[in-house]
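# Reading the structure
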Amino acid sequence: MTMYKTVWNKCQSSVCQLNFYSSSGIKLLSMTGFKVNDQYLITDDNILKILKGVKVKIVFVNSDGYTENKSVEISMEELERRIVKGIDKEKAGFTAVNIDFDEFKDIPSLKLSKDKNNDIGQNIAVLGYQLDHDNLSIKTGIISSTFVNDDGLKFLQVESNVNQGNSGSPLINTETGEVIGIIGQNLASITQSH
């Protein structure tokens, strides 16, 4: 289990929670995201489909997985302006958001893997927030299958406990600590019905 502790220590400070609020301050939904390339947040591509959301709070936590390290609250309009244009969301399955806020300068970035070969049976970790809990958690698992859809998008099927709220979570190669995928909302919501 030491490898998962290593992944936690190396990666947790780069993973954030996105909390979406209504005009009356009620939390509507939570998602997960992670920082890459010093100023971008990667998350699920359904980020702007939050009905009745008027603001979002982006929160990075300390190593205990709960106490707030840094946060920024912005309107949904500003979030939309900060979305990186030119990414084909239909093929990519993720959204990139510019988070070049002063508050986030010292938040480290996760490294994206360039290796396109992921072995079935390979150990993975998922770092994210589940349901509406405000604590970051790590989940263990393996790659159970891989396939490429008709659009050429590669999917990694994992054997892991993935819940609503984990959408946007990084899928981490436990050997390298690099991101090899992202948990999608449509995929994560499958567990809701079983």
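Preceding block: the structure.
An account of the accompanying structure is given in this report. Keep in mind it's a predicted model, so treat the numbers as computed, not measured.

### Some thoughts on the overall build of the protein
- When you go through the protein residue by residue, the secondary structure sums to four helices and eleven strands.
- With respect to the three principal axes, the spread of C-alpha positions in the protein is 45 × 40 × 35 Å.
- Here the protein holds 194 residues, and the buried ones make up 45% of them.
- For the protein, the proportion of contacts with a sequence separation of at least 24, taken over those separated by at least 6, is 61%.
- Accessible surface, the protein as shown: approximately 10,300 Å² in total, 48% of it carbon and sulfur.

### Quick word on the environment of P170
- Residue placement: P170 occurs in strand 10 (residues 170-173).
- Its relative accessible area of 0% is what places P170 among the buried residues.
- With 137 residues separating them in the primary sequence, P170 and G33 have C-alpha atoms 7.4 Å apart.
- In this structure, P170 is in contact with V15, T32, F34, L110, A125, V126, L127, V179 and G181, ignoring residues within four places of it in sequence.

The rules behind each value
- Residues numbered from 1 in each chain as written.
- Predicted model: local features only at pLDDT ≥ 70, side-chain atom pairs only at ≥ 80, totals over all residues.
- Heavy atoms only, no water.
- Helix = DSSP H or I, 4+ residues; strand = E, 2+ residues; numbered from the N terminus.
- Buried < 20%, exposed > 50% of the residue type's maximum accessible area, 1.4 Å probe, protein only.
- Contact = heavy atoms within 4.5 Å.
- Areas by Shrake-Rupley, 256 points an atom, 1.4 Å probe, with all protein chains shown as cover.

Interpretation in functional terms is not warranted from these geometric data alone.
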